[in-house]
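So you can see what is in the structure, the chains are spelled out below.
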Amino acid sequence: MSDPVVNPVLGLNGAGRLADQLGRSPVGMLPSSIDDTQASLLALGYVPERSLATVVYLALKLQRPVLLEGEPGTGKTEIAKTLAAMLGRPLIRLQCHEGLDLAGAAYEWNYARQMMEIRLAEAGGQGGSGHAADRDALAAELFSARFLIKRALLQAIDPANPVAPVLLIDELDRADEPFEAFLLEVLSDFQITIPEFGTVKAKEPPIVVLTSNRTREIHDAVKRRCLYHWVDFPTVKRELQILEARLPQVGRELAREIVAFIQGLRKLDLYKLPGIAETLEWSRALLELDAMVLDPELVQQTLGVLLKYQDDIQRVHGSEAARLLEEARVAARSLQDAARA
Ligand SMILES: Nc1ncnc2c1ncn2[C@@H]1O[C@H](COP(=O)(O)OP(=O)(O)O)[C@@H](O)[C@H]1O
Ligand SMILES: [Mg+2]
């Protein structure tokens, strides 16, 4: 978690500047415009599309959750992490998976401790003594905050939070469909009703980011409560910016070739297209191998960093890789010419 005091963005941020002038802590201040949002994300190495910066700005202003859908490795999870750093808020992450239920996502009663409490009460003659008043008191005590185990969703709306956190509900499409129903109360009212305990409501709404890799459709009821954005593969220009922001040690020429090659790969009919994660990973591998430019052998040998399915590797192996590389070189050269012009 980034320390809000040394957060480099807040100096750039209009709201942060105002807070500084007022001598207040800038923690929790929101960006003042779409430009400000874009610049603040950029200062932390996240290169957003204008449309993503707009959705994020609006979500913060309107206090609405944002649902990001897109191919894996396109920067959905990263935006939540960057937002937390940018705003100086804690990040609470709920990684969704098959079988995820209320107990795993929101809360659970600590049965072991409850049992122990009952035994102790019995041993002390309390509860076991048969007095109805004692039994009622014990029952009320057993369902108090002391015995409540708070999972991500409940932690995110805990009214005791000194500052509203960023809540990342990651890869919602991995959870079973019925799980989405649990989310509705959290997403619309920032509250959770626990039958034995009552309703827990956030003092200040958390900033909620949901992501989906779209292995299935997210239910309309969830979508209706969110602002929606489809995170697309980046354009050549943005992918070059991302590479420069994340791995400035990659030479310009190599960077152009890498991006052009990957953009070419994405035009093929592959089972799994490489995302930005793969672009960065491949660049790191090429740096490790001291590559200055791409050559056919290097590409062949490192395809496994980019493509993770044997069918895809076979499809690209050999002459197809050479053809793609030739095209990438031409594209990289015209990029260079464009940059010079
Ligand atoms: N717009 C971006 N700017 C900078 N880095 C990015 C961007 N998009 C993705 N990345 C990087 O790509 C990698 C994959 O992103 P991630 O958020 O994990 O993808 P997703 O959650 O969509 O599968 C991360 O290392 C992230 O830092
Ligand atoms: Mg992710």
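Residues numbered from 1 in each chain as written. Chains lettered and ligands numbered in written order. Predicted model: local features only at pLDDT ≥ 70, side-chain atom pairs only at ≥ 80, totals over all residues.

### Some thoughts on the pairing of strand β2 (residues 91-95)
Residues Ile 92 and Leu 94 line the buried face of β2, whereas the alternating positions Leu 91, Arg 93 and Gln 95 sit on a face that is not buried. As paired elements, β2 and strand β5 (residues 166-170) share five bridges and run parallel to each other. Bridging across to β5, Arg 93 finds its partner in Leu 168. (Buried ≥ 20, exposed ≤ 12 C-beta atoms within 10 Å, placed from the backbone. Helix = DSSP H or I, 4+ residues; strand = E, 2+ residues; numbered from the N terminus. Pairing = 2+ DSSP bridges.)

### With respect to helix α12 (residues 252-265)
End to end, α12 covers 20 Å across 14 residues, agreeing with the expected 20 Å (1.5 Å per residue, within 8%). Buried residues of α12: Ala 255, Arg 256, Glu 257, Ile 258, Val 259, Ala 260, Phe 261, Ile 262, Gln 263 and Leu 265, and no others. Here the buried face of α12 lies against α11 (236-246), α13 (276-288), α14 (296-306), α15 (310-316) and α16 (319-340). (Expected span 1.5 Å × (residues − 1). Contact = placed C-beta atoms within 7 Å.)

### A few points about helix α6 (residues 111-123)
Each α-helix winds once per 3.6 residues, and so residues spaced three or four apart point in a common direction. Taking 1.5 Å of rise per residue, the 13 residues of α6 would be expected to cover 18 Å, and the 18 Å separating its terminal C-alpha atoms lies within 8% of that figure. Across the 13 residues of α6, zero count as buried, placing the element largely on the outside. Directly after α6, the chain includes Gly 125, whose backbone phi takes a positive value near 85°.

### Observations concerning the environment of Gln 191
Looking at the element boundaries, Gln 191 is found in strand β6 (residues 191-194). With 14 C-beta atoms counted inside 10 Å, the residue Gln 191 sits in the partly exposed group. Along the primary structure Gln 191 and Pro 159 are separated by 32 residues, whereas in three dimensions their C-alpha atoms are 9.8 Å apart. Leaving out residues up to four positions away in the same chain, Gln 191 has contacts with Ile 157, Glu 185, Thr 199, Val 200, Lys 201 and Ala 202.

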